[in-house]
4 protein chains.
Amino acid sequence: MIIEIDMASETPIYTQLVYQIKLGIVRGRMHAGDSLPSVRSLAGDIGINLHTVNKAYKVLVGEGVLTQVKKGYEISRETPPKISETYKEEFKEKLFDLMIDANVFDIDVDMLLEEMKIKLKGDEQHD
Amino acid sequence: MIIEIDMASETPIYTQLVYQIKLGIVRGRMHAGDSLPSVRSLAGDIGINLHTVNKAYKVLVGEGVLTQVKKGYEISRETPPKISETYKEEFKEKLFDLMIDANVFDIDVDMLLEEMKIKLKGDEQHD
Amino acid sequence: MIIEIDMASETPIYTQLVYQIKLGIVRGRMHAGDSLPSVRSLAGDIGINLHTVNKAYKVLVGEGVLTQVKKGYEISRETPPKISETYKEEFKEKLFDLMIDANVFDIDVDMLLEEMKIKLKGDEQHD
Amino acid sequence: MIIEIDMASETPIYTQLVYQIKLGIVRGRMHAGDSLPSVRSLAGDIGINLHTVNKAYKVLVGEGVLTQVKKGYEISRETPPKISETYKEEFKEKLFDLMIDANVFDIDVDMLLEEMKIKLKGDEQHD
DNA sequence: GTGGTCTAGACCACA
DNA sequence: GTGGTCTAGACCACC
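Residues numbered from 1 in each chain as written. Chains lettered and ligands numbered in written order. Predicted model: local features only at pLDDT ≥ 70, side-chain atom pairs only at ≥ 80, totals over all residues. Heavy atoms only, no water.

- Taking an unreviewed UniProt entry as the reference, chain A is identified by name as Transcriptional regulator, GntR family belonging to Vagococcus fluvialis bH819.

**Remarks on the domain arrangement of chain A**
Residues and elements named next belong to chain A.
- Partitioning chain A into structural domains gives domain 1 (13–75) and domain 2 (85–121).
- Domain 1 and domain 2 are separated by 25 Å when their C-alpha centres are compared.
- On the side of domain 2, four residues touch domain 1, which itself brings five residues to the contact.
- Taking both partners together, domain 1 and domain 2 bury about 340 Å²; carbon and sulfur atoms supply 42% of that area.
- Counting across the domain 1 and domain 2 interface gives zero salt bridges. (Domains from an automatic or database assignment. Contact = heavy atoms within 4.5 Å. Buried area = accessible area lost by both parts, 1.4 Å probe. Salt bridge = Lys/Arg side-chain N within 4 Å of Asp/Glu carboxyl O.)

**Digging into the protein's contact with DNA strand E**
- The local shell around DNA strand E holds 25 residues, among which B:Gln68, D:Ile13, D:Tyr14, D:His51 and D:Lys55 are the closest.
- Counted by atom, the contact set of DNA strand E within 4 Å of the protein is 70% sugar and phosphate.
- Within the side chain of A:Tyr14, a nitrogen or oxygen atom sits 3.2 Å from a phosphate oxygen of DNA strand E.
- Between a sugar or linking oxygen of DNA strand E and a side-chain N or O atom of B:Gln68, the distance comes to 2.6 Å.
- For the surface near DNA strand E, the elements supplying multiple residues, two or more each, are α1 (13–26) and α3 (50–63) of chain A, α2 (39–46), α3 (50–62) and β2 (72–75) of chain B together with α1 (13–26) and α3 (50–62) of chain D. (Near = heavy atom within 4 Å. Polar contact = N/O pair within 3.5 Å; in protein donor to acceptor, adjacent residues only side chain to side chain. Helix = DSSP H or I, 4+ residues; strand = E, 2+ residues; numbered from the N terminus.)

**Considering α1(D)**
- Given a rise of 1.5 Å per residue, 14 residues ought to cover 20 Å, and the 20 Å separating the end C-alpha atoms of α1(D) matches this to within 8%.
- Counting buried positions along α1(D) yields eleven of 14 residues, so the element is predominantly enclosed.
- Where α1(D) is concerned, the buried positions are D:Thr15, D:Gln16, D:Leu17, D:Val18, D:Tyr19, D:Gln20, D:Ile21, D:Lys22, D:Leu23, D:Gly24 and D:Val26.
- For α1(D), the secondary structure elements touched by its buried residues are α4 (85–104) of chain C together with α2 (39–46), α3, α4 (85–104) and α5 (109–121) of chain D. (Expected span 1.5 Å × (residues − 1). Buried < 20%, exposed > 50% of the residue type's maximum accessible area, 1.4 Å probe, protein only.)

**Brief notes about the pattern of salt bridges**
- Applying the stated criterion to the full structure yields 24 salt bridges over all chains.
- The shortest N-O distance in the salt bridge between A:Lys22 and A:Glu63 comes to 2.9 Å. Taken as a pair, A:Lys22 in helix α1 and A:Glu63 in helix α3 lie far apart in primary sequence, 41 residues in all. Across this residue pair, the class does not change: A:Lys22 and A:Glu63 are buried.
- Linking D:Glu115 and C:Lys92 is a salt bridge whose minimum nitrogen-to-oxygen distance equals 3.8 Å. Of this pair, D:Glu115 sits in helix α5 while C:Lys92 is found in helix α4, placing the two residues in two different chains.
- Looking at D:Glu115, the relative accessible area reads 38%, which means it is partly exposed.
- On the basis of relative accessibility, which here comes to 23%, the residue C:Lys92 falls in the partly exposed class.
- Overlapping salt bridges bring together A:Lys22, A:Glu63 and B:Asp101 as one network.

**Examining the protein's contact with DNA strand F**
- Inspection of the region around DNA strand F gives 25 residues, with B:Ile13, B:His51, B:Lys55, C:Lys55 and D:Gln68 positioned closest.
- A breakdown of the atoms of DNA strand F within 4 Å of the protein gives sugar and phosphate a share of 71%.
- A distance of 2.9 Å separates a base oxygen of DNA strand F from a polar side-chain atom of B:His51.
- Put simply, the parts of the chain that give the surface near DNA strand F at least two residues each are α1 (13–26) and α3 of chain B, α1 (13–26) and α3 (50–62) of chain C together with α2, α3 and β2 (72–75) of chain D.
- Along the lines of polarity and charge, the residues of the surface near DNA strand F split into ten nonpolar, nine polar and six charged. (Nonpolar A, V, L, I, M, F, W, Y, C, P; charged D, E, K, R; others polar.)

**Notes on the packing of helix α4 (residues 85–104) of chain A against helix α5 (residues 109–121) of chain B**
- Closest axis-to-axis distance for the α4(A)/α5(B) pair is 10 Å, and the angle between their directions is 60°. Regarding the angle of α4(A) to α5(B), the classification is oblique. As for how α4(A) packs across α5(B), the hand of that crossing is right-handed. For the pair α4(A) and α5(B), the contacting residues are A:Phe91, A:Lys92, A:Leu95, A:Phe96, A:Met99, A:Ile100 and A:Asn103 in the first and B:Val109, B:Leu112, B:Leu113, B:Glu115, B:Met116, B:Lys117, B:Lys119 and B:Leu120 in the second.
- Tallied by class, the residues present in the contact of α4(A) with α5(B) amount to ten nonpolar, one polar and four charged. (Axes fitted to C-alpha atoms, helices over the stretch in contact; angles between N-to-C directions. Parallel < 35°, antiparallel > 145°, perpendicular 65-115°, else oblique. Left-handed = near helix turned anticlockwise from the far one by under 90°.)

**Topic: the relation of the copies chain B and chain A**
- Overlay of chain B on chain A (RMSD 0.2 Å): rotation 179°, translation along the axis 0.0 Å. Within this description, the copies of the chain are treated as partners about a two-fold rotation axis. Judged by C-alpha distance, B:Leu95 is the residue of chain B that lies nearest the rotation axis, at 3.9 Å.
- Interface overlap between copies is the fraction of interface residues in one copy that are interface residues in the other; for chain B against chain A it reaches 100%, indicating a shared surface. (Least-squares fit on C-alpha atoms with pLDDT ≥ 70 in both.)

**Observations regarding the relation of the copies chain C and chain D**
- Rotating chain C by 179° and moving it 0.0 Å along the rotation axis overlays it on chain D with an RMSD of 0.2 Å.
- When you check the interface residues of chain C against chain D, 100% turn up at the interface there too, and the contact is symmetric in its surfaces.

**Observations concerning the side chain of A:Asp101**
- Within the secondary structure layout, A:Asp101 lies in helix α4.
- What makes A:Asp101 buried here is its relative accessible area of 0%.
- Other than its neighbours up to four places away in sequence, A:Asp101 contacts A:Asp106, B:Tyr19, B:Lys22, B:Tyr87 and B:Phe91.

**Some points on the interface of chain C and chain D**
- Counting from both sides, the interface comprises 40 residues of chain C and, opposite them, 40 residues of chain D.
- Carbon and sulfur atoms supply 79% of the area buried between chain C and chain D, which totals about 4100 Å² over both sides.
- Sorting the residues of chain C by area buried against chain D places C:Phe91, C:Phe96 and C:Phe105 first, and these three jointly supply 17% of that buried surface.
- C:Lys22 is paired through a salt bridge with D:Asp101; the nearest N and O atoms lie 2.5 Å apart.

**Overview of the arrangement of the chains**
- With respect to C-alpha atoms, chain A approaches chain C no nearer than 23 Å, and the pair has no contact.
- For chain B and chain D, which are not in contact, the least C-alpha distance works out to 10 Å.

This is the structure:
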């Protein structure tokens, strides 16, 4: 698993981890039913605290992205994970705030989104 | 000034305040050179501490959105405020993370953006 | 009298006024015994509050630069004004702090001082 | 860390703290990458409020002297911190005002500067 | 009236 | 343990 963590970023490490795992799914590197590395081994590989990995996994379980099974964690088999209304509200709030900034600072969001669609596909094909 | 703060939200109050003020500008309710309510009066109106308002104002000054003058704070007269490269990077990161979630949870971002463009204009015209 | 006040500056107006008056003396535009404009007229000319001009004059009296006489204020006849040890200590502190910044931010103070010596003389001769 | 704060001074405590930290760097007592004492521990040691220390640290981060990392604050690794034009203008203003006073009060700045260069080096070598 | 500074104490998120 | 946020209340400088 390829995980990139920026220790200097202001984004909490567990949050970065959450998004890196989701990114793996979006790019098609990980599929429903795949099992994840153990908390201990992943923490060791990345060089971060056990608790941090644990928290990231718990968050993903809470979102329905991962499922905890006997032998550890795996990608949930039911897709797409159902998201709660409150989560969707949070999502919209965040997006709305970003749009406000885009307006205030004159950022071209449409162009950025095009870039990102490409970046999201990433190396989807070489997997 | 119309300010809506959700005390139950996990978003810090000062951050909400920052976005509410920016929203006022984007919607055309406040214009370059307009002066803002004093730290104490706004705090009193909203029912929060003056330090919280102060922090929001300071953040906006740091972003170039507000300017501090002898008699208080006002909307910066130079528009649009130039945004630093590092800030833009942060912006892109946040947007990228949102796009990941949109993919994972099958959210139609394009549709949401249309909604938001309308919401952003808001009551621009009745002012 | 030529007084330049920057209302947008973070330096208090009365402080700017104090320095502008001292600058007039240093440049030889004003001499011992000269009387100053009345508080009211100067405030009117600059467009600031009476209290502000008053405070500046009071500070200068306190420093021995001005003397209050029946008809108003005049430049002290005794030169150079004696300064207290505590004032000199303050002066040294300020200068020391500036030197620290010069070191940290790699500013060439010697060069700046040369510039300033010229600027201080200013239009000394055309008066 | 050696920090000297004058509680009776009219200079704000956080400002004194800012200069004391810079002085530590200039004197070579602290180097790029060194981590600073935690906000709370330093506040406790000096006997001031943690918010006051916090503000000093924030100012230094804003100036590029300190960097905030996950585990706290550290001296920025990139040296020297680049200083903005507006900051340099402020610096020149302050220095100019001091030079005015030096002229008015007949203070020998050149001599003081020599003293200060020695004081700045301080105990650089015994460390 | 305005903002600036400082204190004291609380709760939370992160690692 | 670390910093982030928020509150409450105080005193001061400036205009």
